Amino acid sequence: MANIPAAHMRQFTPENLDDIETVVVETDLLIIGGGNAGCFVATEAALVDPNVRVTIMEKAEIMRSGACSAGMDAINTYIPEGKTPEDLVRWSRAQVGGGPLREDLALSNARELNESVDDLERWGLPILRDEQGRIRYRGKWDISIHGEQLKPIMAEKALESGADVYNRVTATALIMHEGRCTGAMGFGVRDGKFYIFRAKATVVSTGGAGTLYKSYTADSTAQIWMCPYCVGTGYAIGFRQGAELTSLEQRWVATRTKDFCGPVDTISVGYGAPIINAHGERVMSRYEHLGGDAAPRYIRANAPMEEWLAGRGPCYCDTTHLTPETAKAMMEDYLNERPSFVLFLASRGQDVTREPIEIYGSDPYILGGHTGGGFWVDMQRMTTIPGLFAAGETAGGNPNKFVGGCCAEGKLAARGAIAYMKDLELPPLDMAAVEQEKARVYAPLLARDEDGVRPVEMKERLQRLMDEYAGGVSQFYRTNEERLDYALKHIAMLQSQFGYLRARDLHELMQAHETMDRVDVAEAVVHHLKARKETRWAGWQTRSDYPERDDANFDCFIESRRDPATGKVETFTRPYEQLIPGDRYTA
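Residues numbered from 1 in each chain as written. Predicted model: local features only at pLDDT ≥ 70, side-chain atom pairs only at ≥ 80, totals over all residues. Heavy atoms only, no water.

1. Observations concerning the nonpolar core
Here is step 1: If you look at the biggest cluster of nonpolar residues, it comprises 55 residues, and the most contacted ones within it are Ile32, Met57, Phe197, Met466, Ile491, Val525 and Val526.
Here is step 2: In terms of residue count, the dominant contributor to this core is helix α14 (residues 506–531) (nine residues).
Here is step 3: When sequence neighbours within four positions are dropped, the list of residues in contact with Ile32 reads Met57, Ala171, Leu174, Ala184, Thr202, Val203, Val204, Ser205, Thr206 and Ile237.
Here is step 4: If you look at the next biggest cluster of nonpolar residues, it comprises 50 residues, including Ile31, Ala155, Phe402 and Ala413. (Core = buried A, V, L, I, M, F, W, Y, C linked by side-chain atoms within 4.5 Å. Buried < 20%, exposed > 50% of the residue type's maximum accessible area, 1.4 Å probe, protein only. Helix = DSSP H or I, 4+ residues; strand = E, 2+ residues; numbered from the N terminus. Contact = heavy atoms within 4.5 Å.)

Following this line, the structure appears as structure tokens:
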């Protein structure tokens, strides 16, 4: 066991590739990304096979990395007494308008869910209970926690399991041998070394893809709801090698607090604050036929933006009914997940019992733990590339996993990976491919004194392009064929300009690769939006040229694959299979 500390940031100005040290690490199981799911991969792997060598490649520092790094105030799915895993799948199916979703994956996840959340409690996570010791629910499926220490709790268990953690090492590419994945490469963000991790099996658990689109819920593009450092790297490195992606058009768009991108469920679900428009009208009353306040998530997320579009904005969560004591309790809940939001309200002198909290739509994200976007995987959570597994947000087709479900995905991926690697030996390393990747990785840094493009410049250009042409906030999430064609044309321009990226130091080199990852994921997203010629999840996926749902042609999964040799992206479909009986549209 080793939590290998990163060096302090140093001035690193190599003149050529010979100045850059290469480090080779051999392991059995490589985990790319030590967040929620990654930590559970490590702990489960040690339980299944105590002799397995596990290595975690972590871009940040594992104790506070990933989407849960700042804490949480709830676990969004935990099956209550009297309900079954099948009931949870029915609910999840209804939340995405009847599907499509991978019911086989969803059911296997639901069967692991409660035990995974129970693990967290056994490890020290405070789950709130009533006087009789029963878990306190704040909605139909979600439970209240004091989760500020959620990520350190998971990280400590991953370390206790025996995993070696390489902190501040960012992944840039997979290692391939005869069509299968045999590890990954990357570089040290602090020490500048080039790292080669050779592995019998690799699990990608790098979180979702945020910051593809311009945000309008805060003045800073880094102050978004999703962890801004989860940029889609896991998707990108698999996509470049031909791994199949699914359902990226089912983007996650959420209602967030305006001017400071904070969570709204804490207010609306936890404290019963209704959504109102500028006239004081309850917005969800317009959607009673779809469930009103209990309507599917994409409808609730899109409703305030429809009010703006109709001239009835701004919209709010009406907190003026709260007592001072209840408002104080709500602020304490925020301290577990978004403590800076409490400071934001204080800085404005806002008393939420007198003035409601303004809300607005978030920028779209690709999140396989919330919606269905991610890799197409089998029941063992292996992607279409042998040896490459996906866990958490990177595993697609199974929405509404959230924190507890991503823990369960980590367990399932670990079991699949260990079964796969049995009797496998590491193949020889293709040094020509390694040297080619090393040259690509450090090119922006070696050309630092030449004229070129800074990573932030390309990132901001991409975000505006996606916002205006691929259904971002400024367009009220609407797009059409012509805009998507325009987006693909200009994404190709950005890709052709990767060679002009310049990095003055290691931090900017990391940003350069994050930007390239964003651009490649954005390409896949646009292809998915273009291929689904209907509107199935308004707000998440709205086609103004195909405004109606088309079950005859699109009650299916949209898939994409990029040819590693040519770079050409193809889209195709896979059929939806209903396994759990019942009405698809109700829980």
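2. Points about empty space enclosed by the protein
Here is step 1: In total, this model carries three cavities of 30 Å³ or more according to the counting rule given.
Here is step 2: Reported here for the largest cavity is a volume of approximately 90 Å³.
Here is step 3: What lines the largest cavity is a set of 13 residues, among which Leu88, Asn109, Asn398, Pro399 and Asn400 lie closest to the centre.
Here is step 4: In terms of residue class, the lining of the largest cavity is made up of seven nonpolar, five polar and one charged. (1 Å grid on protein atoms, 1.4 Å probe; cavity = no way out; pocket = protein on both sides within 12 Å on 5 of 7 lines; lining within 4 Å. Points joined across faces, edges and corners; volume = space filled by probe spheres on them. Nonpolar A, V, L, I, M, F, W, Y, C, P; charged D, E, K, R; others polar.)

3. Here we look at the environment of Gly33
Here is step 1: For Gly33, the location among the structural elements is in the loop between β3 (29–32) and α1 (36–48).
Here is step 2: Residue Gly33 is classed as buried on the basis of its relative accessible area of 10%.
Here is step 3: Note: C-alpha distance between Gly33 and Thr206 (173 residues apart in sequence) is 4.5 Å.
Here is step 4: Every residue in contact with Gly33, bar those within four places of it in the chain, is listed here: Gly38, Ile56, Met57, Glu58, Ser205 and Thr206.

4. Description of the state of the cysteines
Here is step 1: This structure, assessed with the given rule, holds zero disulfides.
Here is step 2: The thiol of Cys181 is not disulfide-bonded; the next cysteine sulfur, from Cys230, is found 20 Å away.
Here is step 3: Unpaired in terms of disulfides, Cys317 finds its nearest cysteine sulfur in Cys315, a separation of 9.8 Å.
Here is step 4: On the basis of relative accessibility, which here comes to 0%, the residue Cys317 falls in the buried class. (Disulfide = S-S within 2.5 Å.)

5. With respect to the sheet that holds strand β17 (residues 374–375)
The pairing of strands in a sheet comes from backbone hydrogen bonds and takes either a parallel or an antiparallel form.
Here is step 1: Read from one edge to the other, the open sheet built from four strands follows the order β17-β12-β21-β22, with strand pairing classed as antiparallel. Of all the strands in the sheet, the pair left with one neighbour each is β17 and β22 (569–575).
Here is step 2: Pairing of strand β12 (residues 245–246) with β17 involves two bridges; the strand directions are antiparallel. Paired with Thr246 across the strands is Gly374, a residue of β17. (Pairing = 2+ DSSP bridges.)

6. Looking at unusual backbone geometry
Here is step 1: Cis rather than trans, the peptide bond between Gly99 and Pro100 has omega equal to 10°.
Here is step 2: Summarising the element assignment, Pro100 is placed in the loop between α2 (85–95) and α3 (103–123).
Here is step 3: Cis geometry marks the peptide bond from Gly313 to Pro314, where omega comes out at 5°.
Here is step 4: Tracing the backbone through its elements, the reader meets Pro314 in the loop between α7 (297–309) and β15 (315–317).
Here is step 5: Non-glycine residue Arg381 carries a positive phi angle of around 70°.
Here is step 6: Relative to the helices and strands, Arg381 is located in the loop between β17 and β18 (388–390).
Here is step 7: In the Ramachandran plot, Asp423 falls in the positive-phi region, its phi being about 70° despite a non-glycine side chain.

7. Focus on helix α11 (residues 431–446)
Here is step 1: Helix length check: α11, at 16 residues, gives a terminal C-alpha distance of 21 Å against a target of 22 Å (1.5 Å per residue), a fit within 8%.
Here is step 2: The largest bend in α11 comes to about 30°, at Arg440, with the proline Pro444 one to four residues further on.
Here is step 3: All buried positions along α11 are accounted for by Val434, Glu437, Lys438, Val441, Tyr442, Pro444 and Leu445.
Here is step 4: Residues of α11 that are buried sit in contact with β2 (22–26), β8 (169–177), β9 (180–188), β10 (194–198) and α14. (Expected span 1.5 Å × (residues − 1). Bend = angle between axes of the 7 residues up to and from the residue.)

8. Considerations on the sheet that holds β2
Here is step 1: Taken in spatial order, the four strands make up an open sheet running β2-β10-β9-β8, and their pairing is mixed. Each edge of the sheet is formed by a strand with only one pairing partner; in this case those strands are β2 and β8. On average, each strand axis in the sheet is tilted by 25° relative to the strand beside it, whichever way the strands run.
Here is step 2: Pairing geometry for β2 and β10, over five bridges, is parallel. Its bridge partner being in β10, Val24 is matched across the sheet by Ile196.
Here is step 3: Here α11 sits on the sheet in contact with β2, β8, β9 and β10, set at roughly 140° to β10. (Axes fitted to C-alpha atoms, helices over the stretch in contact; angles between N-to-C directions.)

9. Observations regarding the pattern of salt bridges
Here is step 1: All told, the structure shown has 55 salt bridges when counted by the stated rule.
Here is step 2: Measuring nitrogen to oxygen at the nearest pair gives 3.0 Å for the salt bridge that ties Arg138 to Asp142. The pair formed by Arg138 and Asp142 is uniform in burial state, with each residue classed as buried.
Here is step 3: For the salt bridge of Arg536 with Asp551, the shortest nitrogen-to-oxygen distance reads 2.6 Å. (Salt bridge = Lys/Arg side-chain N within 4 Å of Asp/Glu carboxyl O.)

10. Here we look at the environment of Leu174
Here is step 1: With respect to the helices and strands, Leu174 occurs in strand β8.
Here is step 2: For Leu174, a relative accessible area of 3% gives the class buried.
Here is step 3: A sequence separation of 359 residues divides Leu174 from Lys533, and the C-alpha atoms of the two residues are 33 Å apart.
Here is step 4: Beyond its immediate stretch of four places on either side in the chain, Leu174 contacts Ile32, Cys181, Gly183, Ala184, Met185, Ile237, Gly238, Gln241 and Leu388.

11. Some remarks on the packing of α1 against helix α10 (residues 402–421)
Here is step 1: It is at 7 Å that the axes of α1 and α10 come closest, and there the two elements cross at 45°. Our classification of the angle between α1 and α10 gives oblique. Read as a crossing pair, α1 and α10 show a hand that is right-handed. Contact residues: α1 offers Asn36, Ala37, Phe40, Val41, Glu44, Ala45 and Val48, while α10 offers Val403, Cys406, Cys407, Gly410, Lys411, Ala414, Arg415 and Ile418.
Here is step 2: Broken down by class, the residue content of the contact of α1 with α10 amounts to ten nonpolar, two polar and three charged. (Parallel < 35°, antiparallel > 145°, perpendicular 65-115°, else oblique. Left-handed = near helix turned anticlockwise from the far one by under 90°.)

12. Digging into the pairing of strand β7 (residues 164–167)
Across a regular strand the side chains alternate sides, sitting on one face of the sheet and then on the other.
Here is step 1: The sheet contact formed by strand β1 (residues 2–4) and β7 spans three bridges and is parallel. Bridged to Ile4 within β7 is Tyr166.
Here is step 2: Pairing between strand β4 (residues 54–58) and β7: four bridges, direction parallel. Bridging from a neighbouring strand, Glu58 pairs with Asn167 of β7.

13. Let's talk about the side chain of Glu409
Here is step 1: Residue position: Glu409 is located in helix α10.
Here is step 2: In this structure Glu409 comes out as buried when scored by relative accessible area, which is 2%.
Here is step 3: Setting aside residues up to four positions removed in sequence, Glu409 forms contacts with Asn109, Arg381, Ala391, Gly392, Ala395, Asn398 and Lys401.

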